[in-house]
Amino acid sequence: MIQDFCQWLYDTAFAEMIRASGYAFPWFESVHVLAITLVLGSIAVVDLRLLGVASLGRPVKQLIREVLPITWVAFAVAVCTGGALFASNAVEYSRNFPFQMKMLLMLLAGINMLVFHFVTYRSVAQWNEGPAIPLPARLAGGLSIAMWVAIVAFGRWIGFTIGF
Ligand code: HEM
């Protein structure tokens, strides 16, 4: 079923346009990379606060309130441009191991974020200020950084392993 969907996506006029154009793929990939740098940069600011190693003078709630809107907008741009890149060679990307690992890690990073926001963050009033961050929050920050760095590494690896 996934293969049928990828074949359908590959056959769309939009995907055909990206393949035929000399500019569309590099433009989508350039915007994808710019969006990724904003996703990772903003996530790292929050994760390093949760790890208790940076921005210790700023309350956790304030930092999350100010930074996460940037993360979400950049993530939306990364998903849209990534989707366009994917459509241009959908069948091959869906079979590509680095691409599969990148998608799996993004799912796990999403689960880590949900557990943090709906479980760990409930007690934030007790650790909002200062360097004393409880273990579950530090764990969430550490896992998040490690997974996003791995997502970028697998993303970069795609280009070296993809067939056409
Ligand atoms: C915020 C999440 C994402 C991150 C951090 C990320 C990371 C990356 C990186 C680092 C590259 C290599 C860029 C380069 O150096 O040329 C890349 C390429 C790519 N990404 Fe993403 N990506 C994200 C989301 C997505 C999504 C949601 C999709 C698809 C649905 C996707 C599909 C692709 C494709 C198809 C390529 C092109 C590989 C190639 O042929 O060069 N990405 N991504």
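Attention in this report is confined to the structure presented alongside it.

What counts and what doesn't
Residues numbered from 1 in each chain as written. Predicted model: local features only at pLDDT ≥ 70, side-chain atom pairs only at ≥ 80, totals over all residues. Heavy atoms only, no water. Helix = DSSP H or I, 4+ residues; strand = E, 2+ residues; numbered from the N terminus. Buried < 20%, exposed > 50% of the residue type's maximum accessible area, 1.4 Å probe, protein only. Contact = heavy atoms within 4.5 Å. Areas by Shrake-Rupley, 256 points an atom, 1.4 Å probe, with all protein chains shown as cover. Donors = N, O, S within 2.8 Å, 3.2 Å for Na, K, Ca; no water. Tetrahedral: all angles 85-135°; square planar, octahedral: opposite > 155°, others 65-115°. Near = heavy atom within 4 Å. Polar contact = N/O pair within 3.5 Å; in protein donor to acceptor, adjacent residues only side chain to side chain. Nonpolar A, V, L, I, M, F, W, Y, C, P; charged D, E, K, R; others polar. Expected span 1.5 Å × (residues − 1). Phe/Tyr/Trp six-rings, centres within 6.5 Å; stacked < 30°, edge-to-face > 60°. Lys NZ or Arg CZ within 6 Å of the ring centre and 35° of its normal.

## A closer look at the overall build of the chain
No. 1: Check the secondary structure of the chain and you find seven helices and zero strands.
No. 2: Ordered by position from N to C terminus, the α and β elements of the chain give α-α-α-α-α-α-α.
No. 3: Overall size of the chain, expressed as C-alpha extent along the three principal axes, is 55 × 30 × 25 Å.
No. 4: By residue count, 37% of the 164 residues in the chain fall in the buried class.
No. 5: Nonlocal contacts in the chain, meaning residues at least 24 apart in sequence, comprise 77% of its contacts between residues at least 6 apart.
No. 6: For the chain, the exposed surface amounts to about 9500 Å²; the carbon and sulfur share of it is 73%.

## A few points about the coordination of the iron atom of the ligand
No. 1: Within the first shell, the iron atom of the ligand binds the protein through His 32 (NE2) and Lys 102 (NZ), at distances of 1.7 to 2.1 Å.
No. 2: Considering all six donor atoms around the iron atom of the ligand, angles at the metal cover 84 to 178° and the coordination shape is octahedral. Of this pair, His 32 sits in helix 3 (residues 24-50) while Lys 102 sits in helix 6 (residues 97-118), and the two are 70 residues apart along the sequence.
No. 3: Take His 32: its relative accessible area is 11%, and that puts it in the buried class.
No. 4: Residue classification places Lys 102 among the buried positions, given a relative accessible area of 12%.

## Notes on the site of the ligand
No. 1: Neighbouring the ligand are 25 residues; Glu 29, His 32, Tyr 93, Lys 102 and Arg 156 lie closest to it.
No. 2: Here a nitrogen atom of the ligand sits 2.9 Å away from a polar atom, N or O, in the side chain of His 32.
No. 3: Among the elements of the structure, helix 3, helix 4 (60-88), helix 6 and helix 7 (135-161) are those that each provide at least two residues to the shell around the ligand.
No. 4: In terms of residue class, the shell around the ligand is made up of 17 nonpolar, five polar and three charged.

## A closer look at helix 3
In an α-helix, one turn spans 3.6 residues; hence positions three or four apart end up facing the same way.
No. 1: Over its 27 residues, helix 3 runs 39 Å from end to end, which matches the ideal 39 Å to within 8%, given 1.5 Å per residue.
No. 2: Along helix 3, the residues classified as buried are Ala 24, His 32, Ala 35, Val 39, Ser 42, Ile 43, Val 46, Asp 47, Arg 49 and Leu 50.
No. 3: On its buried face, helix 3 sits against helix 2 (13-20), helix 4, helix 6 and helix 7.
No. 4: Residue Gly 52 follows helix 3 closely and has a positive phi angle near 75°.

## Quick look at the packing of aromatic side chains
No. 1: Per the stated rule, a full pass over the model turns up 12 aromatic pairs.
No. 2: When the centroid spacing of 5.7 Å and the interplanar angle of 50° are considered together, the rings of Phe 116 and Tyr 121 count as tilted. A single burial state applies to Phe 116 and to Tyr 121, both of which are buried.
No. 3: Cluster of aromatic residues (ring-pair linked, three or more members): Trp 72, Phe 75 and Trp 148.
No. 4: Across from the ring centre of Tyr 10, 3.6 Å away, lies the NZ or CZ of Arg 19, which sits over that ring.

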